[in-house]
Amino acid sequence: MSMPNNIGRNPYEDIINLPHYVSPTRPRMPMADRAAQFSSFRALSGYGDAVKETARLTGQRIELDESAKAVLDEKLRLLAEVIEERPEAEITYFLPDKKKDGGEYIIAAVRMKKLDAVAQELVMENGQTIPIADIIEIEGQLFIAFQ
């Protein structure tokens, strides 16, 4: 049995020069639809955002020692005595992250309106509330003796 000698020949030589086939029963696909079939495919949509979120760093909550807690409690007691005067202060507090463990520390210069003992939070003149458990420092003219 002898094999044909195809060395040096194009294997598609018999069909390469035939005219382009056009179906008599099916309409041509519009160019926009043809382009869409070659557009990029994102099987992992949202993956990049998830990677960015995982890489985003958050800080951990600081646990105050007993002496720092005592100083903070004394400042809050002093603040409660003069709260109706709406004193100004800088409050450093922990803001938990909404999406993952941890958070960040914020320093807010605020004018206080109310110390809500039931809800355990400070209410600012602008309506902002800060949970007392998240506060690690309160500074201001009222607390000069503590510095």
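Residues numbered from 1 in each chain as written. Predicted model: local features only at pLDDT ≥ 70, side-chain atom pairs only at ≥ 80, totals over all residues. Heavy atoms only, no water.

A. Quick look at a nonpolar patch on the surface. A surface patch of nonpolar side chains, about 450 Å² in accessible area, is lined by Y12, I15, I16 and L18. Locating L18 in the fold gives a position in the segment before α1 (31-36). (Patch = residues over 30% accessible without salt bridge, like charges linked within 9 Å, V, L, I, M, F, W, Y side chains within 5 Å. Areas by Shrake-Rupley, 256 points an atom, 1.4 Å probe, with all protein chains shown as cover. Salt bridge = Lys/Arg side-chain N within 4 Å of Asp/Glu carboxyl O. Helix = DSSP H or I, 4+ residues; strand = E, 2+ residues; numbered from the N terminus.)

B. Broad picture of the nonpolar core. In terms of nonpolar packing, the biggest core is built from 19 residues, with I91, M112, L122, I135 and I138 touching the most fellow members. Of all the elements in the fold, those that place two or more residues in this core are α3 (66-82), β1 (88-96), β2 (103-116), β3 (121-124) and β5 (135-139). The element that contributes the greatest number of residues to this core is α3, accounting for four residues. (Core = buried A, V, L, I, M, F, W, Y, C linked by side-chain atoms within 4.5 Å. Buried < 20%, exposed > 50% of the residue type's maximum accessible area, 1.4 Å probe, protein only.)

C. Here's a closer look at the sheet that holds β1. Taken together, five strands build an open sheet; the order of strands is β4-β3-β2-β1-β5 and the sheet is antiparallel. Lying at the two open borders of the sheet, with one neighbouring strand each, are β4 (129-131) and β5. Sheet twist, expressed as the mean angle between neighbouring strand axes with direction ignored, is 40°. In the sheet, β1 pairs with β5 via four bridges, with the strands oriented antiparallel. Bridge assignment links E90 to a residue of β5, and that residue is E139. Where α3 meets the sheet, its contacts fall on β2, β3 and β5, and the angle it forms with β5 comes to roughly 55°. (Pairing = 2+ DSSP bridges. Axes fitted to C-alpha atoms, helices over the stretch in contact; angles between N-to-C directions. Contact = heavy atoms within 4.5 Å.)

D. Representation of unusual backbone geometry within the structure. Residues other than glycine seldom take positive phi values, yet R86 does so here, at roughly 50°. Counting through the fold element by element, R86 comes out in the loop between α3 and β1. For Q120, which is not glycine, the phi dihedral falls at a positive 55°. Counting through the fold element by element, Q120 comes out in the loop between β2 and β3.

E. Geometry of α3. In this model, α3 (17 residues) spans 25 Å end to end at C-alpha, consistent with the 24 Å of a helix rising 1.5 Å per residue. Residues L72, K75, L76, L78, L79 and V82 constitute the buried set of α3. On an axial view of α3, the arc spanned by its buried residues comes to 165°, and they lie on one face. Those residues of α3 that are exposed and angled more than 90 degrees off the buried face are E66, S67 and D73. Residues of α3 that are buried sit in contact with β2, β3 and β5. (Expected span 1.5 Å × (residues − 1). Arc of directions from axis to C-beta.)

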